[in-house]
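Overview (structure and organization)
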Amino acid sequence: MACGRFHVALLVEDGQLFTFGLNAGHLGHPKGNEVYIQQPLLVTKFNSQQEYVQKLACSDLTTICYTNKGDIYLLSDYKYRKIIKQ
């Protein structure tokens, strides 16, 4: 589990990521009418056996995900930004 000022991110044993809280673009869910997500909702980007989240961290308006492939994703502004490995 990781927490920001406005949201919570939960990582379950099989690598699935769930988030909830203020949906200001950092939860990994599309922009919609629901400003506040009250119950944990699956982030579908990482819902596969090929790539899943192993570690995570949160800041106030960003969720940071480290995957089994060694990639790092920043979830913010309703986008997934991949940090390229060197």
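Residues numbered from 1 in each chain as written. Predicted model: local features only at pLDDT ≥ 70, side-chain atom pairs only at ≥ 80, totals over all residues. Heavy atoms only, no water.

1. Describing the pattern of salt bridges
Oppositely charged side chains can pair when the atoms bearing their charge come close. What the rule picks out here adds up to 2 salt bridges. Lys 82 is the salt-bridge partner of Asp 71, the closest N and O atoms lying 3.4 Å from each other. Note that Asp 71 is positioned in the loop between strand 6 (63–67) and strand 7 (72–76) and Lys 82 in strand 8 (residues 79–83), a separation of 11 residues in sequence. Accessibility expressed as a relative area gives 7% for Asp 71, which makes it buried. Residue classification places Lys 82 among the partly exposed residues on the basis of a relative accessible area of 42%. Arg 81 serves as the salt-bridge partner of Asp 77, at 3.6 Å between the closest nitrogen and oxygen. On the basis of relative accessibility, which here comes to 33%, the residue Arg 81 falls in the partly exposed class. (Salt bridge = Lys/Arg side-chain N within 4 Å of Asp/Glu carboxyl O. Helix = DSSP H or I, 4+ residues; strand = E, 2+ residues; numbered from the N terminus. Buried < 20%, exposed > 50% of the residue type's maximum accessible area, 1.4 Å probe, protein only.)

2. Topic: the sheet that holds strand 8
Pairing between sheet strands relies on hydrogen bonds along the backbone, with the strands arranged either parallel or antiparallel. Spatially, 5-6-7-8 is the arrangement adopted by the 4 strands of the open sheet, whose pairing is antiparallel. The outermost strands of the open sheet, each flanked by one partner alone, are strand 5 (53–58) and strand 8. Averaged over all neighbouring strand pairs, the angle between strand axes comes to 25°, with direction disregarded. Inspection of the sheet shows strand 5 paired to strand 6 by 5 bridges, in the antiparallel sense. Paired with Lys 55 across the two strands is Tyr 66, which belongs to strand 6. (Pairing = 2+ DSSP bridges. Axes fitted to C-alpha atoms, helices over the stretch in contact; angles between N-to-C directions.)

3. Concerning the nonpolar core
Ala 2, Ala 9, Leu 17, Val 43, Phe 46, Val 53, Cys 58, Cys 65, Tyr 73 and Leu 75 form the largest nonpolar core, which has 10 residues in total. Elements represented by at least two residues in this core include exactly strand 5 and strand 7. The residues touching Leu 75, leaving out its near neighbours within four places in the chain, are Gly 25, His 26, Leu 27, Gly 28, Val 43, Phe 46, Leu 61, Thr 62, Thr 63, Cys 65 and Tyr 80. (Core = buried A, V, L, I, M, F, W, Y, C linked by side-chain atoms within 4.5 Å. Contact = heavy atoms within 4.5 Å.)

Limitation: the analysis is restricted to geometry and does not speak to function.
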